[in-house]
Amino acid sequence: MPGMNRTTGASIAGLEHIRQSVADILTTPIGSRLMRRDYGSLLPSLIDQPLNDATLMRTYSAAVMAIIRWEPRIVVRSINRRVGTTAPGSATLEIDAVTSDGEDVSLSVPVGGRA
């Protein structure tokens, strides 16, 4: 499915479109889209939570549930976090997935601070 690059306006497709779509899904707060109130994820509501194991599990769950619902072109195999050491409070989700065509996809989505 072709799409448009959010910064340049150029046409994109394939893995690049999936990467952009997943980043948009995970960083959009549920309820913020006027005509699609249920679009997005719970990740933005977890940004100011303590960076502990409970929040980590909520983060993983929120990411996987949003991807399952809004991005049917991929299946998540694993999610890991990378915590920023130079910018306190910053973290990035590293998502390993596979497309419906069997192609491997690696995604990095900043979820807090200046990640």
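Residues numbered from 1 in each chain as written. Predicted model: local features only at pLDDT ≥ 70, side-chain atom pairs only at ≥ 80, totals over all residues. Heavy atoms only, no water.

**Some words on the packing of helix α1 (residues 14-27) against helix α3 (residues 53-70)**
- It is at 10 Å that the axes of α1 and α3 come closest, and there the two elements cross at 125 degrees. One finds that α1 runs oblique with respect to α3. Crossing handedness for the pair α1 and α3: right-handed. Residues Val 22, Ile 25 and Leu 26 of α1 lie in contact with α3, whose contacting residues are Ala 63, Ala 66, Ile 67 and Trp 70.
- By residue class, the composition of the contact of α1 with α3 is 7 nonpolar, no polar and no charged. (Axes fitted to C-alpha atoms, helices over the stretch in contact; angles between N-to-C directions. Helix = DSSP H or I, 4+ residues; strand = E, 2+ residues; numbered from the N terminus. Parallel < 35°, antiparallel > 145°, perpendicular 65-115°, else oblique. Left-handed = near helix turned anticlockwise from the far one by under 90°. Contact = heavy atoms within 4.5 Å. Nonpolar A, V, L, I, M, F, W, Y, C, P; charged D, E, K, R; others polar.)

**Remarks on the nonpolar core**
- Core analysis: the largest hydrophobic core is formed by 23 residues, its most contacted members being Val 22, Leu 26, Leu 43, Ile 74, Leu 93 and Ile 95.
- At the level of elements, α1, α2 (43-46), α3, β3 (74-83), β4 (91-99) and β5 (104-112) are the ones that each hand at least two residues to this core.
- Here this core takes 6 residues from α3, the largest share from any one element. (Core = buried A, V, L, I, M, F, W, Y, C linked by side-chain atoms within 4.5 Å. Buried < 20%, exposed > 50% of the residue type's maximum accessible area, 1.4 Å probe, protein only.)

**Overview of the environment of Ala 97**
- With respect to the helices and strands, the residue Ala 97 is situated in strand β4.
- On the basis of relative accessibility, which here comes to 0%, the residue Ala 97 falls in the buried class.
- With sequence-adjacent residues up to four places away left out, Ala 97 is seen in contact with Ile 74, Val 75, Val 76, Arg 77, Glu 103, Asp 104 and Val 105.

**A word on α1**
- Look at α1: 20 Å from first C-alpha to last across 14 residues, which is about the 20 Å you get at 1.5 Å a residue.
- Those residues of α1 that fall on the buried side of the exposure criterion are His 17, Ile 18, Gln 20, Ser 21, Val 22, Asp 24, Ile 25 and Leu 26. (Expected span 1.5 Å × (residues − 1).)

**Some details on the pattern of salt bridges**
- Applying the stated criterion across every chain yields a total of 6 salt bridges.
- A salt bridge links Asp 24 to Arg 33; the shortest N-O distance between them is 3.0 Å.
- The class for Arg 33 is partly exposed, based on a relative accessible area of 32%.
- With a closest N to O distance of 2.7 Å, Arg 77 and Asp 104 form a salt bridge. Taken together, the residues Arg 77 in strand β3 and Asp 104 in strand β5 connect sequence positions 27 residues apart. (Salt bridge = Lys/Arg side-chain N within 4 Å of Asp/Glu carboxyl O.)

**Overview of the packing of aromatic side chains**
- Counted by the stated rule, this structure contains 1 aromatic pair.
- Between Tyr 39 and Trp 70 the ring centres are 5.1 Å apart and the planes differ by 65 degrees, which places this aromatic pair in the edge-to-face class. Here Tyr 39 is found in the loop between α1 and α2, whereas its partner Trp 70 is found in helix α3, with 31 residues between them in sequence. (Phe/Tyr/Trp six-rings, centres within 6.5 Å; stacked < 30°, edge-to-face > 60°.)

**Quick word on the side chain of Glu 71**
- Turning to its location among the elements, Glu 71 is positioned in the loop between α3 and β3.
- In terms of polar contacts, Glu 71 uses its side chain to reach the side chain of Arg 73, at 2.6 Å.
- If we skip the residues at most four places from it in the chain, Glu 71 touches Ser 21, Val 22, Ile 25 and Ala 66. (Polar contact = N/O pair within 3.5 Å; in protein donor to acceptor, adjacent residues only side chain to side chain.)

**As for the pairing of β4**
- In terms of burial, β4 is a largely internal element, 7 of the 9 residues being buried.
- Direction of pairing for β3 relative to β4: antiparallel, over a ladder of 9 bridges. Bridged to Val 83 within β4 is Ala 91. (Pairing = 2+ DSSP bridges.)

These figures come from the coordinates and say nothing about function on their own.
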